[in-house]
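Each chain, letter by letter, is given below.
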Amino acid sequence: MTGPSGAGVVTPADGGTRQRILEATYACVARWGLAKTTVEDAARAAGVSRATVYRYFPGGRDELLDAVVSWQFVAFFTRLYDEVRQATTLEEVLERGLVFARAQVLGHAVLQKVLETEPEVLLPKLTVESNRTVGLVAAFLVPYLETRPLAPGIDARTAADHLARMILSLISAPGRLDLADPVAVAGVVRAELLAGVVAGPPRP
Amino acid sequence: MSSVHLAVVHGEGGGTPGGRSAPRRAGTVGAQRLRIVDGALTCIARQGIAKTTVDDVARAAGCSRATVYRVFPGGKDEVLAAAAETEVARFFSSLAVDIGAADDVEAVLVTAIVEAATAVAAHRPLAYLLEHEPELVLPHLAFGRMDGLLRQVATFAAPFLGRFMGHDEADRVAEWTTRVVLSYLVCPADGVELTDPASVRRLVRLFLLPAVAALRGGAEAAGPCAVVPETPTRRKLS
């Protein structure tokens, strides 16, 4: 998994040519959008030949753009992980996570631009990534669930899967919930989201 | 029942943008719109949206190109929008009949989820699109469009859920239910089959009914923020 890095200056420590191509492609997307970014654009921006781009991404433009989306997706969840890893309770993970994630989505200029101008290009790729991510988010939540008495009929993995799905859903579309309001978020997390999941406070 | 439900039950289907204000002429215009919409749906089931032309739609509807443009001056895009609206209205109309007969919240939610999943699975135009042209469907199910869909479902569900709870609670329950359906539609899981009433009943009992109970409890308490229940709620599991 590559670490998060912005679309700025590339240093050798960032992981070589493949990463440089990804970051250059991302810069092209930021300027021209997904549909108009070509392998030539990416090669020129990265300072490599077309052949070099095809060597790292044999599937061409589609594979290159999928890799850029994947990289940004991983970077997003890495930042989210850093935000919540210090949390000691399940409630804190969910509350801090939702508020942070939504702010990141709204503040991600390239994401917002692509969602507005060409959602049909991005969303199929995001759907693929999201499906993989449900498992990762659920795996992160399991230890927090294992410290709690759970509601009858629920095990930690089932609960984690459900919570992961609802978290991704809320980040994408908050609906009636104001994710900028930590008090509202706490209310909904504790009362509605965890209602069928936890049966009491953490075990000592 | 609200006027939305009356329009839906009478099969008036897709509306013009901005809503209908002119009195309906019995039969002719509505029937012609529906024939063209159904013609478009037939074409989409067979070959998708990109390859479907206005000529294809006209042929399937048994009318001329000129007629299609007269009824839908916006051309293919307007026909597609009307087709989507009509199918959604048909679905809600059929669902209204089934959940209107439900005895309790669990029955409403199980019926609604099973019927939604079954309708999606059986919908040949949608199946073609999801398989071959997902980029034409998915933008309508995510981010800002999902917010719109959540509101639309909540508006539809309000009178049915309102039999069992207050308006705010009904909106929240409709929203959670829609989130669950969309999540499993887009990201299926082993062990969850949304077209199977037993599987859905388990999901509803585990995750949705407790939220309903918490919302009702919260609505009775003073203050804007619901409180965590002190004792776990008792639930029957059979």
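Now for a look at the structure at hand. Given the structure is predicted, the values throughout are model-derived calculations rather than measurements. (Residues numbered from 1 in each chain as written. Chains lettered and ligands numbered in written order. Predicted model: local features only at pLDDT ≥ 70, side-chain atom pairs only at ≥ 80, totals over all residues. Heavy atoms only, no water.)

1. Describing the overall build of chain A
Scanning chain A from terminus to terminus reveals 9 helices and 0 strands. Along chain A, helices and strands appear, N-terminal first, in the series α-α-α-α-α-α-α-α-α. With respect to the three principal axes, the spread of C-alpha positions in chain A is 60 × 30 × 25 Å. Counting only residues that meet the buried cut, chain A has 50% of its 204 residues in that class. A sequence separation of at least 24 residues applies to 68% of the contacts in chain A between residues at least 6 apart. (Helix = DSSP H or I, 4+ residues; strand = E, 2+ residues; numbered from the N terminus. Buried < 20%, exposed > 50% of the residue type's maximum accessible area, 1.4 Å probe, protein only. Contact = heavy atoms within 4.5 Å.)

2. Remarks on unusual backbone geometry
If you check the backbone angles, B:Phe143 has positive phi at about 50° while not being a glycine. Along the polypeptide, B:Phe143 turns up in helix 8 (residues 143-161).

3. Brief notes about the nonpolar core
One finds A:Leu90, A:Leu94, A:Leu141, A:Leu145, A:Leu163, B:Leu161 and B:Leu194 to be the most contacted residues of the largest nonpolar core, which totals 109 residues. Ranked by residues supplied to this core, first place goes to helix 4 (residues 61-84) of chain A with 11 residues. Other than its neighbours up to four places away in sequence, A:Leu94 contacts A:Leu141, A:Leu163, A:Ile167, A:Val189, A:Leu193 and A:Leu194. B:Ile36, B:Val57, B:Val71 and B:Ala83 belong to the second largest nonpolar core, which has 15 residues in total. (Core = buried A, V, L, I, M, F, W, Y, C linked by side-chain atoms within 4.5 Å.)

4. Focus on the interface of chain A and chain B
Tallying the contact residues gives 37 residues for chain A and 34 residues for chain B. Of the roughly 3300 Å² buried at the junction of chain A and chain B (both faces included), carbon and sulfur atoms supply 67%. Ranking the residues of chain A by area buried against chain B places A:Arg165, A:Arg176 and A:Glu192 at the top, with a combined share of 22%. The tally of links from chain A across to chain B stands at 2 salt bridges. (Buried area = accessible area lost by both parts, 1.4 Å probe. Salt bridge = Lys/Arg side-chain N within 4 Å of Asp/Glu carboxyl O.)

5. So, empty space enclosed by the protein
Tallied over the entire structure, the rule returns 4 cavities of 30 Å³ or more. The space that makes up the largest cavity amounts to roughly 810 Å³. Taken together, 38 residues form the lining of the largest cavity, with A:Phe73, A:Leu126, A:Ser130, A:Ser172 and B:Phe143 sitting closest to its centre. In terms of residue class, the lining of the largest cavity is made up of 26 nonpolar, 9 polar and 3 charged. The calculated volume of the second largest cavity comes to roughly 50 Å³. Going through the elements one at a time, helix 9 (182-193) of chain A together with helix 9 (167-186) of chain B are the ones with two or more residues in the lining of the second largest cavity. The element best represented in the lining of the second largest cavity is helix 9 of chain B, accounting for 3 residues. Class assignment of the residues belonging to the lining of the second largest cavity gives a composition of 4 nonpolar, no polar and 4 charged. (1 Å grid on protein atoms, 1.4 Å probe; cavity = no way out; pocket = protein on both sides within 12 Å on 5 of 7 lines; lining within 4 Å. Points joined across faces, edges and corners; volume = space filled by probe spheres on them. Nonpolar A, V, L, I, M, F, W, Y, C, P; charged D, E, K, R; others polar.)

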